[in-house]
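Close look at the chain arrangement
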Amino acid sequence: MITDPDRYAPVFIRPGRSGAVHQETCPHLDRTLRMIKSEGARAGVVINPATPVSMLDEVLDVADYVLIMS
């Protein structure tokens, strides 16, 4: 988990692959997911078990998948 995904995500994104960011560290989650998708990758969101899934209501239409940590 990194604390500034907007800064580092472009380094790791590859077309045809997937990139996931932690909801808890991403202040502009919608923008970050759209940036990942614009690079041709699948965009995912990772949340901690204690984080309510309802926190993702506004980005579920953008996210390709959600991962709940265990």
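Refer to the structure presented above.
Residues numbered from 1 in each chain as written. Predicted model: local features only at pLDDT ≥ 70, side-chain atom pairs only at ≥ 80, totals over all residues. Heavy atoms only, no water.

**Some points on the overall build of the protein chain**
From N to C terminus, the protein chain includes two helices and three strands. The order of helices and strands in the protein chain, counted from the N terminus, is α-β-α-β-β. Taken over C-alpha atoms, the radius of gyration comes to 11 Å for the protein chain, in line with the 11 Å a tight globule of 70 residues would show. With respect to the three principal axes, the spread of C-alpha positions in the protein chain is 30 × 25 × 20 Å. (Helix = DSSP H or I, 4+ residues; strand = E, 2+ residues; numbered from the N terminus. Rg over C-alpha atoms; globule rule 2.2 N^0.38 Å.)

**Digging into the sheet that holds strand β2 (residues 42–47)**
Pairing in this open sheet of three strands is parallel, and the strands run β1-β2-β3 from one edge to the other. Of all strands in the sheet, those bounded by a partner on one side alone are β1 (18–22) and β3 (65–68). Strand-to-strand twist across the sheet, computed as the mean angle between neighbouring axes with direction ignored, equals 30°. In terms of strand pairing, β2 meets β3 through four bridges, oriented parallel. If you follow G44 over to β3, its bridge partner there is Y65. Where helix α2 (residues 29–38) meets the sheet, it contacts β1 and β2, and its direction lies at approximately 145° from that of β2. (Pairing = 2+ DSSP bridges. Axes fitted to C-alpha atoms, helices over the stretch in contact; angles between N-to-C directions. Contact = heavy atoms within 4.5 Å.)

In short, geometric facts, not functional conclusions.
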